[in-house]
Amino acid sequence: MARFFLGRAHYTPEMPEIGLVGLPNVGKSTLFNALTAAGAEVSNYPFTTIEGNVGVVPVPDPRLGRLAAALTPDEVVPAMLRVVDVAGLVEGASRGEGLGNRFLGELRAVDGLAHVLRCFEDGNVAHVLGRVDPVADARLVETELLLADLELLQGAIEKRRKAWQTEPREHAVERQRWERWLALLEAGEALRRGGPSAEEVREQKALGLLTGRPLLYVANVGETRIAPPEALAGRLGAPVVAITARLEGELAELEPEERAEMSTALDLGASGLERFAEAAFELLGLVRFYTVAHGKLRAWAVPRDTPAPQAAGRVHGDMEAGFIRAQVAGWEEVVEVGSLHALQTDGRLRVEGRSYAVRDGDVVEFLFRAP
């Protein structure tokens, strides 16, 4: 039987990262535990998370299972997602209230944000504001992130102002961008609402600005939902994934067969964790391709429209430097015939060059010159 490897040993710096944000006692650490099985402390007290939690999450991938069944490799490694959980933010966090502001720095490197909203009533779990209102919670946290971004950008502009004045032409684009972002923040608008280009998103990330990052909401629901996810999505203007974090945590502790039986008995369908991982991948604009080499089947995550040489570099730097060509097949074709070699024999294996953009579901063999 192929072994599935799901641990930190496969972490790489290029791994996509998503940060969990939200008020205290909304279920962030419970969700983190369910996602990572890392055992972060969970209790009914604000600021239980006083140290940032970081975990690596395997992204559920039915295609990978189908490929493994057809190819029978010795090892199977899914694509991974790095999840960062920080202390809950409270009103005034941008001014140093509570503990959340201490950890905003840990979020500045993430690629996207997952804002966990409390959408359940439970008298045994105190809400930090004494009421359950997910829309108000979302706006409160976004306001704190806006204020933090505003302070950070104002400081960055002051540091650059002399250069803008002494060399105005050289820095005209930067000045125009930063002043436009400042106007958005001063108007109470998140930077993502300004429709930033991919280049601008990278620049905002380099500055440590958070409100330009892609955002999804995680509605932590109970048996009685405060608001349906569809209604929340419309009011908040961002995708919403509904998860019962406590139930998902209980399921995560079970053995795979028991978990499947329980999910069937409860008629859960795809687990909330699977939907979260898929939504995170979609949010970050990622696709997955697969490689098969030396008995190992592995899934890789890259941004959509990544050229073949850069995708090869995700596997190994030497592959990008010495890239010759890629031999490509769709995952369904590989499942159908059982190997890339069989497809090549049938003349169905495509040969692609440097300009080819790797597609979601591609099975790829990279040919390269070793240095």
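A brief structural summary. (Residues numbered from 1 in each chain as written. Predicted model: local features only at pLDDT ≥ 70, side-chain atom pairs only at ≥ 80, totals over all residues. Heavy atoms only, no water.)

**Concerning the packing of aromatic side chains**
According to the stated counting rule, one finds 3 aromatic pairs in the structure shown. Ring centres of Phe289 and Phe366 lie 6.0 Å apart, and the angle between their planes is 90°; this geometry places the pair in the edge-to-face category. Pair noted here: Phe289 is in strand β9 (residues 286-293) and Phe366 is in strand β13 (residues 362-368), with a separation of 77 residues, a long-range link. The two residues Phe289 and Phe366 agree in class, both being buried. Site record: aromatic cluster; members linked through ring pairs are Phe289, Phe323 and Phe366. (Phe/Tyr/Trp six-rings, centres within 6.5 Å; stacked < 30°, edge-to-face > 60°. Helix = DSSP H or I, 4+ residues; strand = E, 2+ residues; numbered from the N terminus. Buried < 20%, exposed > 50% of the residue type's maximum accessible area, 1.4 Å probe, protein only.)

**Structural notes on the side chain of Glu17**
Note on placement: Glu17 falls in strand β2 (residues 17-21). Owing to a relative accessible area of 11%, Glu17 belongs among the buried residues under this scheme. When residues no more than four places from it in sequence are discounted, the contact partners of Glu17 are Arg82, Val84, Ala109, Val110, Asp111, Gly112 and Leu284. (Contact = heavy atoms within 4.5 Å.)

**So, the pattern of salt bridges**
Two side chains bearing opposite charge may form a pair once their charged atoms approach each other closely. Here the structure, examined in full by the defined rule, presents 21 salt bridges. Residues Asp61 and Arg63 are paired through a salt bridge, measuring 3.7 Å at the closest nitrogen-oxygen approach. Arg63 matches Asp61 in its accessibility class, with the two residues each being buried. One salt bridge connects Glu199 with Arg177, and the closest N-O pair in it is separated by 3.4 Å. Of this pair, Glu199 sits in helix α6 (residues 198-207) while Arg177 sits in helix α5 (residues 172-186); the two residues are 22 residues apart in sequence, bridging distant segments of the chain. Connected through shared salt-bridge partners, Asp61, Arg63, Glu278, Arg288 and Asp360 make up one network. (Salt bridge = Lys/Arg side-chain N within 4 Å of Asp/Glu carboxyl O.)

**Thoughts on empty space enclosed by the protein**
The final tally for this structure, using the stated rule, is 2 cavities of 30 Å³ or more. Its volume calculated, the second largest cavity comes out at about 60 Å³. Together, Val21, His115, Val141, Glu142, Leu145, Arg192, Leu215 and Tyr217 line the second largest cavity. Only α4 (134-166) and β7 (215-221) provide two or more residues apiece to the lining of the second largest cavity. At 3 residues, the largest contribution of residues to the lining of the second largest cavity is made by α4. For the lining of the second largest cavity, a count of residues per class yields 5 nonpolar, 1 polar and 2 charged. (1 Å grid on protein atoms, 1.4 Å probe; cavity = no way out; pocket = protein on both sides within 12 Å on 5 of 7 lines; lining within 4 Å. Points joined across faces, edges and corners; volume = space filled by probe spheres on them. Nonpolar A, V, L, I, M, F, W, Y, C, P; charged D, E, K, R; others polar.)

**Structural notes on the side chain of His115**
Topologically, His115 is positioned in strand β6 (residues 112-119). For His115, a relative accessible area of 3% translates into the label buried. The contact partners of His115, leaving out residues within four places of it in the chain, are Val21, Gly22, Asp137, Ala138, Val141, Leu215, Leu216, Tyr217 and Val218.

**Concerning helix α10 (residues 272-283)**
Here α10 is 12 residues long and its end C-alpha atoms lie 16 Å apart, about the 16 Å a rise of 1.5 Å per residue gives. Taken residue by residue, α10 has Gly272, Leu273, Phe276, Ala277, Ala280, Phe281 and Leu283 as its buried positions. Just downstream of α10 lies Gly285, where phi reads positive at about 70°. (Expected span 1.5 Å × (residues − 1).)

Note that every value here comes from positions in space, so none of it alone points to a role or purpose.
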